[in-house]
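A closer look at the structure
Each chain, letter by letter, is given below.
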Amino acid sequence: MSTIAHYFKFDELNTSFRTEFIAGLTTFASMAYILFVNPTVLGAAGMDKGAVFTATAIASAVATIFMGVVALYPIAIAPGLGVNAFFAYSVVIGMGIKWQTAMAGVFVAAIIFVILTLFKIREKIINIIPKNLKLAIASGIGLFIAFIGLHDAGLIVANKDTMVALGHLTAPTSLLSIFGIIVTFVLMSRKTPAAIFFGMIITSIAGILTGLIKLPSAIISPAPSLAPTFGEGVMHIGDINSIQLITVVITFLLVTFFDTAGTMIGLATQAGFMENNKMPRVGRALMADAVGMTVGAVIGTSPTSAYVESSAGIAVGGRSGLTSVFTGIFFLFALLFSPLLSVVTSQVTAPALVVVGVLMAENLREIDWEDLAIAAPAFLIVIGMPLTYSISDGIALGFILYPITMIATGRAKKVHPLMYILAVIFIAFLLIIAS
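Residues numbered from 1 in each chain as written. Predicted model: local features only at pLDDT ≥ 70, side-chain atom pairs only at ≥ 80, totals over all residues. Heavy atoms only, no water.

Secondary structure assignment for the protein yields 20 helices and four strands. Against the 2.2 N^0.38 benchmark of 22 Å for 435 residues, the protein shows a C-alpha radius of gyration of 21 Å, consistent with a compact globule. Dimensions of the protein along its principal axes, counting C-alpha atoms only, are 60 × 60 × 45 Å. For the protein, with 435 residues in total, the buried portion stands at 56%. Taken as a whole, the protein presents about 18100 Å² of accessible surface, with 68% of it coming from carbon and sulfur. Within the protein, one finds 21 positive and 19 negative side-chain charges whose respective centroids are separated by 4 Å. (Helix = DSSP H or I, 4+ residues; strand = E, 2+ residues; numbered from the N terminus. Rg over C-alpha atoms; globule rule 2.2 N^0.38 Å. Buried < 20%, exposed > 50% of the residue type's maximum accessible area, 1.4 Å probe, protein only. Areas by Shrake-Rupley, 256 points an atom, 1.4 Å probe, with all protein chains shown as cover. Lys, Arg positive; Asp, Glu negative; His and termini not counted. Charge placed at Lys NZ, Arg CZ, Asp CG, Glu CD.)

This is the structure:
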């Protein structure tokens, strides 16, 4: 025990084994919903839900334990909400690309991530992309996720005259989702720990009691096989042979990078880890994400990212990497509960998507709305994602406009050369999609 305390610097961080255990459990409970939401989202792309469940748990455990042992931070990592939506709805469904090929894109992006991290290029890029555009990306993803959640709940439906319209609110399944949204928001408003997780449990129970959800055949069983997804991404690397798919890989890089970098900095600030406006050991923390993304791509899940729900564990006193180690162990333990997947329907996960969307949208308040040269591209990113039903399209719109508005206001030299390169890349990206 003393060796563990010394390694994780308990005295320096003013923490204990008990505190770290509780913090790890709290973090896991706060983000456990991803075990059930991710299979639903990727299942829409045609992937086997059972295999995705297992892949999600394993990738999360590996990346989070790596974060704890190597980077020594109480930050958990799992397949990200938003980028999984991009994978399923934008790349596979929207572009008509096979999920195996899309997974190959994730694998290639992961390898590039590892290389960029080893050469500390990711650390440098954090300071290159304007803060306002990072905030806009996080906010836009939040709106996109919420839109998907509202659609899954049946509250927003397609309409040939107005494009979208209010759904049938009296439908039993819609009423279940409405109940879940209200319950989750009430729990969140009362600052209940693991509110999203408990909101899903309550909604599932309500669905079972009303007969809208069938009881699972069992509670505990061996973890579902990875066979349907294992290695598919690696075997289809050869499919990455067009400009469209190369652009998809770049988009995976951009979306995952911004999500992880922003979350890590925010959590490090909350926990008081920042030193001179810099995050110590940030390279190791980013490597944890790269490792998780690589493992996930091999076994069959979308890119991983740092989870803002880690703030729940930090809030109850988690300060060392042992918090992450415990969280990772809980993810492995969760492999025994795969039968519960049948209980967690889209009506149950919809409230979680809506709530997470609200949490991500809070970044809007930090954007400099008074400077139109910055506000305009930021707004296009935010509004572009849900309206185009594509995260990459939203990012493209903002990144193309940003250099233009900065040049128009005489601030061309304040734009990093990389931003001009990215603008050209995204112009090509939009032309490819439009053709």
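Given 3.6 residues per turn, any residue in an α-helix points the same way as the ones three and four places further on. The end-to-end C-alpha distance of helix α14 (residues 282-299) is 26 Å, a good match for the 26 Å that 18 residues give at a rise of 1.5 Å each. Burial analysis of α14 places 14 of its 18 residues in the buried class, which makes it a mostly covered element. After α14 finishes, the residue Gly300 shows a positive phi value of roughly 115 degrees. (Expected span 1.5 Å × (residues − 1).)

Right, let's get into the side chain of Thr64. Inspection of the secondary structure puts Thr64 in helix α5 (residues 49-71). By relative accessible area, Thr64 is classed as buried at 0%. Here Thr64 is in contact with Ile75, Ala76, Ile77, Ser324, Thr327 and Gly328, once residues within four sequence places are set aside. (Contact = heavy atoms within 4.5 Å.)

Right, let's get into the packing of helix α4 (residues 34-43) against helix α17 (residues 346-361). Following both chains from N to C, one finds α4 and α17 inclined at 110 degrees, their axes separated by 10 Å at the closest point. For the element pair α4 / α17, the angle class is roughly perpendicular. Across the interface between the two elements, Phe36, Val37 and Thr40 of α4 pack against Ser346, Thr349, Ala352 and Leu353 of α17. Considering only residue class, the contact of α4 with α17 consists of four nonpolar, three polar and no charged. (Axes fitted to C-alpha atoms, helices over the stretch in contact; angles between N-to-C directions. Parallel < 35°, antiparallel > 145°, perpendicular 65-115°, else oblique. Nonpolar A, V, L, I, M, F, W, Y, C, P; charged D, E, K, R; others polar.)

What follows deals with the pairing of strand β3 (residues 163-166). Bridging between strand β2 (residues 156-159) and β3 involves four bridges; their strand directions are antiparallel. Looking across to β3, one finds that Ala158 is bridged to Val164. In sequence, β2 turns back onto β3 through a hairpin of three residues. (Pairing = 2+ DSSP bridges.)

Between helix α3 (residues 17-31) and helix α16 (residues 321-333), whose axes approach to 7 Å, the crossing angle comes to 50 degrees. In terms of orientation, α3 and α16 fall into the oblique class. As for the relative orientation of α3 and α16, their crossing is right-handed in sense. Residue-level inspection shows Phe17, Glu20, Phe21, Ala23, Gly24, Leu25, Thr27, Phe28 and Met31 of α3 in contact with α16, the latter providing Leu322, Thr323, Phe326, Thr327, Phe330 and Phe331. Broken down by class, the residue content of the contact of α3 with α16 amounts to 10 nonpolar, four polar and one charged. (Left-handed = near helix turned anticlockwise from the far one by under 90°.)

Bringing unusual backbone geometry into the picture now. Even without being a glycine, Leu72 presents a positive backbone phi close to 65 degrees. Within the fold, Leu72 resides in the loop between α5 and β1 (77-79). Its identity is not glycine, yet Met163 carries a phi of approximately 75 degrees, on the positive side. Inspection of the secondary structure assignment puts Met163 in strand β3.

If you trace the backbone, Ser139 turns up in helix α9 (residues 131-152). Ser139 gets classed as buried once you look at its relative accessible area, which sits at 0%.

Using the criterion set out here, one finds two salt bridges in the structure. In this structure, Arg365 engages Glu366 in a salt bridge whose closest nitrogen and oxygen atoms are separated by 3.7 Å. Owing to a relative accessible area of 64%, Arg365 belongs among the exposed residues under this scheme. (Salt bridge = Lys/Arg side-chain N within 4 Å of Asp/Glu carboxyl O.)

A few words now on the packing of aromatic side chains. One pass over the full model with this rule turns up 15 aromatic pairs. Ring centres 5.2 Å apart and planes at 80 degrees place the aromatic pair Phe21 and Phe326 in the edge-to-face group. Residue Phe21 is located in helix α3, and its partner Phe326 is located in helix α16; the two are separated by 305 residues in the primary sequence. Taking the relative accessible area as the measure of exposure, Phe21 reaches 36% and is therefore partly exposed. A relative accessible area of 11% places Phe326 in the buried class. Ring geometry for Phe86 versus Phe252: centroids 5.1 Å apart, planes at 85 degrees, classification edge-to-face. (Phe/Tyr/Trp six-rings, centres within 6.5 Å; stacked < 30°, edge-to-face > 60°.)

Before going further, it helps to examine a nonpolar patch on the surface. Judged by side-chain polarity, Phe179, Phe198, Ile201, Ile202, Ile205 and Leu209 come together as a nonpolar surface patch covering roughly 540 Å² of accessible area. Per-element accounting of the nonpolar patch gives the leading share, five residues, to helix α11 (residues 195-209). Topologically, Phe179 is positioned in helix α10 (residues 172-189). (Patch = residues over 30% accessible without salt bridge, like charges linked within 9 Å, V, L, I, M, F, W, Y side chains within 5 Å.)

The terminal C-alpha atoms of α9, which comprises 22 residues, lie 32 Å apart, in line with the 32 Å expected from a rise of 1.5 Å per residue. Across the 22 residues that make up α9, a large majority, 16, are buried. Downstream of α9 by one or two residues, Gly154 has phi in the positive range, about 80 degrees.

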